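Chain by chain, the residues:
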Amino acid sequence: MDEQRETLQRIVSTLAIKNDEIHNFIDTLNHTIKNVQINSSNAISELDEEFDGLYSILDEMKGSMSNTIQQEEARKIKALQDQLSQCSSALESSEELLELAAQSLDIKDPGEFLKAARQIKDRVTMASAFRISLKPNVSDSMTYLMVDFAVERRMLQAVSFLPVPKAPEIDLAACLVADNCITVSWRMPEEDNRIDHFVLEYRKTNFDGHPRVKDERRWELIDYIKATEYTLSGLKFDTKYMNFRVQACNKAVAGEYSDPVTLETKAFVFSLDSTSSHLNLKVEDTYVEWDPTGGKGQEKIKGKENKGSGQNPLLKSNRSGAPSPKRTSVSSRSSPRGSRDHFTGESYTVLGDTAFESGQHYWEVRAQDCKSYSVGVTYRNLGKFDQLGKTNSSWCIHINNWLQITFSAKHNNKTKTLDMPVPDRIGIYCDFDGGLLAFYNANSKELLHTFRTKFTQPLLPGFMIWCGGLTVSTGLQVPSAVKMLQKSENGLSGSTSSLNNIA
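Residues numbered from 1 in each chain as written. Predicted model: local features only at pLDDT ≥ 70, side-chain atom pairs only at ≥ 80, totals over all residues. Heavy atoms only, no water.

Asks: Report on the overall build of the protein chain, specifying residues and quantitative values.
Replies: Assigned secondary structure in the protein chain consists of seven helices and 22 strands. For the protein chain, buried positions account for 36% of its 503 residues. Taking as baseline every contact in the protein chain between residues at least 6 positions apart, the subset at least 24 positions apart corresponds to 69%. When the accessible surface of the protein chain is totalled, it reaches about 30900 Å², and 53% of it is carbon and sulfur. (Helix = DSSP H or I, 4+ residues; strand = E, 2+ residues; numbered from the N terminus. Buried < 20%, exposed > 50% of the residue type's maximum accessible area, 1.4 Å probe, protein only. Contact = heavy atoms within 4.5 Å. Areas by Shrake-Rupley, 256 points an atom, 1.4 Å probe, with all protein chains shown as cover.)

Laid out in structure tokens, this is it:
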């Protein structure tokens with residue numbers, strides 16, 4: 001009995017759920033019917049507007065062409081009336097001369113007759129009747145103003161509802177990836193003069209080949225593109241690839257998407273490693289700021305409770321510069337510096353969290369109100385008291401804005417003064433395999449200094465700062481201008497010095 005009651009209750013519950021689903025579906029159907037009626041009414045209204053517009057154009061053309069015919073009629077009638085008036089005047093003069101000549105025949109006096117004959121002869125010579133054309137100046141034909149709408153009639157008879165545009169085809173050979181810009185080019189499979197605009201969608205991904213249906217990133221959209229090419233600029237290449245697809249739109253409907261293509265957007269991406277930075281530095285992702293109070297309390301705790309040991313838990317909990325949320329998702333990756341201590345003493349240093357041991361890489365640094373800072377690269381073995389450029393395993397350029405401005409290149413505790421203005425943004429280019437580290441004015445791409453050596457260990461981006469802040473831009477391709485400059489610099493030593501060639 002209880003089992004049957006429980007079974008019946010389940011049936012009742014199932015029926016209730018099903019009834020609710022049917023009710024919802026009925027509501028959906030009724031709503032759809034109402035939408036069909038509304039949309040049909042809107043479509044008919046738009047159809048009326050289009051035909052009214054067509055009628056208006058035809059009426060306007062008819063009025064204009066009728067006016068042309070009437071103007072031509074008036075011109076011809078005026079020309080004929082002018083000719084008719086001239087002929088009437090000539091005829092009147094000729095009739096008077098004829099009557100005078102007939103009367104002269106009756107003169108008996110020879111002298112008078114000869115005189116009258118000469119006068120008549122002179123008047124006949126000058127008579128307009130002998131000088132006017134007896135051919136109409138204009139024709140009565142109006143056939144050159146006739147029209148034949150046979151072609152237009154066939155076109156109108158072929159008028160139908162707008163077809164769905166076909167999918168464009170992305171021309172992979174014409175697409176270009178350079179200087180953190182991507183130019184996408186496409187074409188229609190056949191000419192379609194009804195296309196109003198195109199829609200370009202793109203999505204970042206770390207997967208090569210055909211885009212995945214369930215990707216972790218959403219599509220970004222650029223609408224109302226009139227041309228068959230578009231350039232995305234100012235991109236940060238923080239993934240290995242980008243997917244692109246295009247659709248064509250006419251006035252009524254958007255067509256199918258093109259087959260998506262995948263373009264490589266490889267670049268060097270890193271954040272600043274807050275786990276080993278100096279305690280007087282506040283680090284957040286790609287920004288570091290000098291904090292004069294950041295490490296005072298922690299330094300005392302460290303001296304009393306953790307002398308000679310690694311990082312104290314209290315230090316970690318009191319850090320003002322927490323690890324970037326952006327890097328939390330990849331926290332399983334081991335730190336590039338292992339479990340080393342924070343930089344300390346006068347080594348106000350922070351390193352990048354990603355090392356490289358091959359390839360060509362580029363990143364940029366912008367300083368904000370810094371009294372002193374250095375940018376460059378280092379091996380992993382930089383000691384916690386070491387400063388960039390003062391060891392044989394680090395290379396940098398150093399800017400000092402304290403009291404007087406000095407600009408120099410440093411390596412292995414040797415310094416070369418750079419006699420040029422300090423740019424507000426510095427580009428760092430490293431060709432690991434080619435043994436080259438170059439610094440540029442990031443705005444003008446002017447070469448500032450070049451180190452040439454043979455790198456024997458993985459490199460980390462390195463930064464030192466005292467007062468102020470540094471913003472690091474990563475995910476950048478090597479600029480085309482830098483590539484060209486490096487080609488021209490190969491074999492030259494205009495920017496090299498005794499600091500170069502020192503490993």
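Asks: Give me the sheet that holds strand β13 (residues 360–368): which residues, what numbers.
Replies: The seven strands are arranged β10-β11-β22-β13-β18-β19-β20 in an open sheet whose pairing can be described as antiparallel. Every interior strand has two partners, whereas the edge strands, β10 (281–284) and β20 (447–452), have only one. Strand-to-strand twist across the sheet, computed as the mean angle between neighbouring axes with direction ignored, equals 15 degrees. Note that strand β11 (residues 287–290) and strand β22 (residues 469–473) share three bridges and pair antiparallel. Within β22, the residue paired with E289 across the bridge is G469. (Pairing = 2+ DSSP bridges. Axes fitted to C-alpha atoms, helices over the stretch in contact; angles between N-to-C directions.)

Asks: Tell me about the environment of E229, residues and numbers included.
Replies: Counting through the fold element by element, E229 comes out in strand β6 (residues 229–232). Not counting residues within four places of it along the chain, the set of residues in contact with E229 comprises T183, V184, S185 and W186.

Asks: Before we move on, can you summarise the pairing of strand β4 (residues 197–205) with the specific residues and values?
Replies: With nine of nine residues buried, β4 lies mostly within the body of the structure. Of the two faces of β4, the one holding H197, V199, E201, R203 and T205 and the one holding F198, L200, Y202 and K204 are both buried throughout. As paired strands, β4 and strand β7 (residues 241–249) are joined by nine bridges and run antiparallel to one another. Bridge assignment links K204 to a residue of β7, and that residue is M242. With four bridges connecting them, β4 and strand β5 (residues 220–225) associate as antiparallel partners. Within β5, the position partnered with E201 by the bridge is L221.

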